[in-house]
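Listed below, chain by chain, are the residues.
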Amino acid sequence: MLTYIIRRILISIPTIVFVSIVVFGLQLLLPGDPALALAGEERDPQLIAELRRIYHLDQPIWRQYLIWVGNVLQGNLGESIRLKMPVGDLVTAKLPVTMQLASMAILIATCVGIPMGIVSAVKKETILDYGANVVALSGISVPSFWLGIMMILLFSVNLGWLPASGFVKPSESLSQNLKTMIMPAFVLSSVTTAIFMRHTRSAMLAVLRSDYVRTARAKGLREPRVIFRHALRNAIIPVVTLGAIQLGELMSGAVLTEQIFTIPGFGKLIVDAVFNRDYAVVQGVVLCTATGFIFLNLCADLIYFLVNPRMRG
Amino acid sequence: MSASLLAVGALSTEFKTDQGRFRAVDEVSFSLEKGRTLGIVGESGCGKSVTALSIMGLVPSPPGYIVGGSIRFEGEELIGLTTERYQSLRGNRMGMIFQEPMTSLNPAFTVGDQIGEAIIRHEQVSQAESKRRTIELLRRVRIPSPEKRYDDYPHKLSGGMRQRAMIAMALSCSPDLLIADEPTTALDVTIQAQILELLAELRAETGMAIMLITHDLGVIAEMADEVVVMYAGRVIERAPAAALFASPQHPYTIGLMGSIPRLDLEQDRLAAIEGQVPNLVSLPKGCRFRARCPFAVAACAESDPPLIEVAAGHEAACLRAPLEVA
Ligand SMILES: Nc1ncnc2c1ncn2[C@@H]1O[C@H](COP(=O)(O)OP(=O)(O)OP(=O)(O)O)[C@@H](O)[C@H]1O
Ligand SMILES: [Mg+2]
């Protein structure tokens, strides 16, 4: 058990190194010179040279990389050239907003997608099954910006129930915060809900045909116990693993959703940073996101390991 | 007749599939008395498992439907029984073990948990009492160190041990009827013999009746009191075991006898009879065995022969029975 976890963690290290190189390399692909951007209108050559020195832009690429990694390892993600703030502070300020959004979305997807999948598998080829499939298909195919705009039109403009934008911190007013977050979370969750529903459905269908479910029925167990204990317990394993990966997907999906609802989260941070060639911020955000992805994948594997007795040996 | 533990009369079960609709079980009748062993034998696909599942009320539906007949168990009609009542019989008065021991236990729960679950379901006992009884059951089916095995997950057990655990589960509430659907097919030859021996011992101890499904006449010879031979969904011969082996009446049974796989030989299914089982979706007119039958005459193409008594308690569905065979 412990050796498995340790081995799994060791395997992630090369991945993180690789990611860091890619993240660092990204800036080479971005057009434009940051020193020029900073120097402003005058383009004073002396100022530009000075800026290049301060930000190590005059060093060879590999030196720049090592300096950057060294700083990152000390928890120093550099400074935003534009906002004149440590990137670390920006990340800690914006990350919770996006995490809240993603968590709410995954919660909605779980509470809606999984029960829908169970019902459509148990009531296979009935109106309930067809209905659930139509909902899932729309969830996957409707673009989120369109869904977001439609929801704003309906709930904010026409009905006036929910604010269309404007973020309130949960520490200020939790109810106000939830009011502003519920629509974005719903929009963000739509694809994941559909994916959960489809996976739960197919996993349940396979498990309901299995020999051990027949055994459970042969024991005389009542149908709810057969479905929720004997079938679901096995069908949920791949879905849970998928959930951890989906959480990562939601973090990136949040970029768009935050734009639609103007929520000051990670997504807005990175979009602004890219447009302003704020390399340090781009690197910091992407590195955090990528590390988060790797961590979530690790969690997915560990969850799979924990819920699956066969893996425990 | 009323004394029969299980009386199946003209049971028909159909499947609706993309290829069409067909009768996997066609007007099957037999009965089983308390404490006796009934052997059901026949080639793969002849409807043995579907017959067993029909009795248990476990035919997957869709695509399967019981379309006619009657199943009386301890005098009670099972066809059309309420779900609630059926559930209280299954695992309690009648237990079943399956052809596939490797996949018949739930991988997510311990062996002890799964056996105890049946006891708790049918007899309102405490967790501690169910554990005590489960360990006792594991001991009875000769699983070594039952206290340890109680907490094992199925994947730790070999096929033979899993089948023993399945037997323990089926026996947990002392049923009157145990349906064993090819309980040894998936196991090694030496393990097969052990499991059969165990079943015979348990039957003697408990007095339960066993409906033993197999494709192996050797097993029938060893275990069964009565035998039902099935072919393409129908019963084509029915007799006490001794009579069947002494003078088989249906050409199909005779064919099977020519190919008894012996327990000590590594031999598979009954394959010695020439030809193919007819497609159930489009059955030819007349006797279903006709195309493969060395005794067939023109009249065999006219109609499907019914079961007729050829000797006391011995029935065969063949126009030419009783056959004089050397
Ligand atoms: N769920 C199902 N859906 C469709 N057809 C089925 C289903 N289960 C069984 N059948 C069909 O019913 C017929 C009888 O099958 P059954 O499983 O009873 O055979 P069997 O005698 O038990 O054979 P075996 O020795 O291989 O176990 C076969 O033609 C089979 O294809
Ligand atoms: Mg079978």
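Structural data are supplied above this passage.
What this report covers is the structure whose coordinates are included nearby. (Residues numbered from 1 in each chain as written. Chains lettered and ligands numbered in written order. Predicted model: local features only at pLDDT ≥ 70, side-chain atom pairs only at ≥ 80, totals over all residues. Heavy atoms only, no water.)

### Points about the overall build of chain B
- Each helix and strand counted, chain B has 10 helices and 12 strands in total.
- Against the 2.2 N^0.38 benchmark of 20 Å for 326 residues, chain B shows a C-alpha radius of gyration of 20 Å, consistent with a compact globule.
- In chain B, which comprises 326 residues, the share counted as buried stands at 53%.
- When the accessible surface of chain B is split by element, carbon and sulfur atoms take 52% of a total near 13,600 Å².
- Looking at charge distribution, chain B has the averaged site of its 32 positive side-chain charges lying 3 Å from that of its 40 negative ones. (Helix = DSSP H or I, 4+ residues; strand = E, 2+ residues; numbered from the N terminus. Rg over C-alpha atoms; globule rule 2.2 N^0.38 Å. Buried < 20%, exposed > 50% of the residue type's maximum accessible area, 1.4 Å probe, protein only. Areas by Shrake-Rupley, 256 points an atom, 1.4 Å probe, with all protein chains shown as cover. Lys, Arg positive; Asp, Glu negative; His and termini not counted. Charge placed at Lys NZ, Arg CZ, Asp CG, Glu CD.)

### Some remarks on the coordination of the magnesium ion (ligand 2)
Residue and element names in this part refer to chain B.
- The protein atoms donating to the magnesium ion (ligand 2) are Ser49 (OG) and Gln99 (OE1), with metal-donor distances spanning 1.8 to 2.8 Å. Of this pair, Ser49 sits in helix H1 (residues 48-56) while Gln99 sits in the loop between strand E6 (94-97) and helix H3 (111-122), and the two are 50 residues apart along the sequence.
- In this structure Ser49 comes out as partly exposed when scored by relative accessible area, which is 23%. (Donors = N, O, S within 2.8 Å, 3.2 Å for Na, K, Ca; no water.)

### Thoughts on the side chain of Arg292 of chain B
- Along the chain, Arg292 of chain B falls in the loop between helix H10 (251-257) and strand E11 (308-311).
- Of the polar contacts made by the side chain of Arg292 of chain B, one reaches the side chain of Tyr231 of chain B; its length is 3.0 Å. (Polar contact = N/O pair within 3.5 Å; in protein donor to acceptor, adjacent residues only side chain to side chain.)

### A word on the sheet that holds strand E1 (residues 6-17) of chain B
Residue and element names in this part refer to chain B.
- Reading across from one edge, E2-E1-E4-E5 is the order of the 4 strands in this open sheet, with antiparallel pairing throughout. Edge strands, defined here as strands with exactly one partner in the open sheet, are strand E2 (20-32) and strand E5 (76-77).
- One ladder, built from 9 bridges, connects E1 with E2; its direction is antiparallel. Within E2, the position partnered with Leu6 by the bridge is Leu32.
- Together, E1, E2 and strand E4 (64-73) form the strand contacts of H1, whose direction differs from that of E1 by roughly 110°. (Pairing = 2+ DSSP bridges. Contact = heavy atoms within 4.5 Å. Axes fitted to C-alpha atoms, helices over the stretch in contact; angles between N-to-C directions.)

### Observations concerning the layout of surface pockets
- Its volume calculated, the largest pocket comes out at about 1,300 Å³.
- Forming the boundary of the largest pocket are 35 residues, of which Arg217 of chain A together with Val59, Pro60, Ser61 and Pro62 of chain B lie nearest the centre.
- For the lining of the largest pocket, the elements supplying multiple residues, two or more each, are helix H5 (87-122), helix H8 (174-208), helix H9 (211-218) and helix H10 (223-260) of chain A together with H1, E4 and helix H2 (83-89) of chain B.
- Element by element, the count of residues in the lining of the largest pocket is highest for H9 of chain A, at 4 residues.
- Considering only residue class, the lining of the largest pocket consists of 18 nonpolar, 8 polar and 9 charged. (1 Å grid on protein atoms, 1.4 Å probe; cavity = no way out; pocket = protein on both sides within 12 Å on 5 of 7 lines; lining within 4 Å. Points joined across faces, edges and corners; volume = space filled by probe spheres on them. Nonpolar A, V, L, I, M, F, W, Y, C, P; charged D, E, K, R; others polar.)

### Let's talk about the sheet that holds E11 of chain B
Residues and elements named next belong to chain B.
- As summarised here, the arrangement of the 8 strands in space is E6-E7-E8-E3-E9-E10-E12-E11, forming an open sheet in which the pairing is mixed. In this open sheet, the two edge strands, each paired with only one partner strand, are E6 and E11. Along the sheet, successive strands turn relative to each other by an average axial angle of 20°, direction set aside.
- Pairing between E11 and strand E12 (residues 314-316): 3 bridges, direction antiparallel. Considered in E12, the bridge of Ile308 is made with Ala316.

### Points about the interface of chain A and chain B
- Contact with chain A, which involves 20 residues of that partner, is made by 27 residues of chain B.
- With both chains or domains summed, chain A and chain B bury close to 2,300 Å², and 53% of this area falls on carbon and sulfur atoms.
- The largest share of the area that chain A buries against chain B comes from Arg214, Lys219 and Arg222 of chain A, three residues that together contribute 27% of it.
- Here chain A is connected to chain B by 6 salt bridges. (Buried area = accessible area lost by both parts, 1.4 Å probe. Salt bridge = Lys/Arg side-chain N within 4 Å of Asp/Glu carboxyl O.)

### Observations regarding the packing of aromatic side chains
- Counted under the stated rule, the structure contains 8 aromatic pairs over all chains.
- Note on Phe24 of chain A and Tyr65 of chain A: the rings are 5.5 Å apart at their centroids and 70° apart in plane angle, and the pair reads as edge-to-face. Within this pair, whereas Phe24 of chain A is found in helix H1 (residues 2-29), its partner Tyr65 of chain A is found in helix H4 (residues 61-73), the two being separated by 41 residues in sequence.
- Residue Phe24 of chain A is classed as buried on the basis of its relative accessible area of 5%.
- A relative accessible area of 16% places Tyr65 of chain A in the buried class.
- Measuring from ring centre to ring centre gives 5.6 Å for Phe24 of chain A and Trp68 of chain A, while their planes differ by 40°; the resulting arrangement is tilted. Taken together, the positions of Phe24 of chain A in helix H1 and Trp68 of chain A in helix H4 put the pair 44 residues apart, joining distant regions of the chain.
- Three or more aromatic residues joined by ring pairs make a cluster, and in this case those are Phe24, Tyr65 and Trp68 of chain A.
- Above the ring of Phe109 of chain B, the side-chain terminus of Arg229 of chain A is found at 4.0 Å from the ring centroid.
- Lys16 of chain B extends its terminal NZ or CZ atom over the ring of Tyr65 of chain B, reaching a point 4.7 Å from the ring centre. (Phe/Tyr/Trp six-rings, centres within 6.5 Å; stacked < 30°, edge-to-face > 60°. Lys NZ or Arg CZ within 6 Å of the ring centre and 35° of its normal.)

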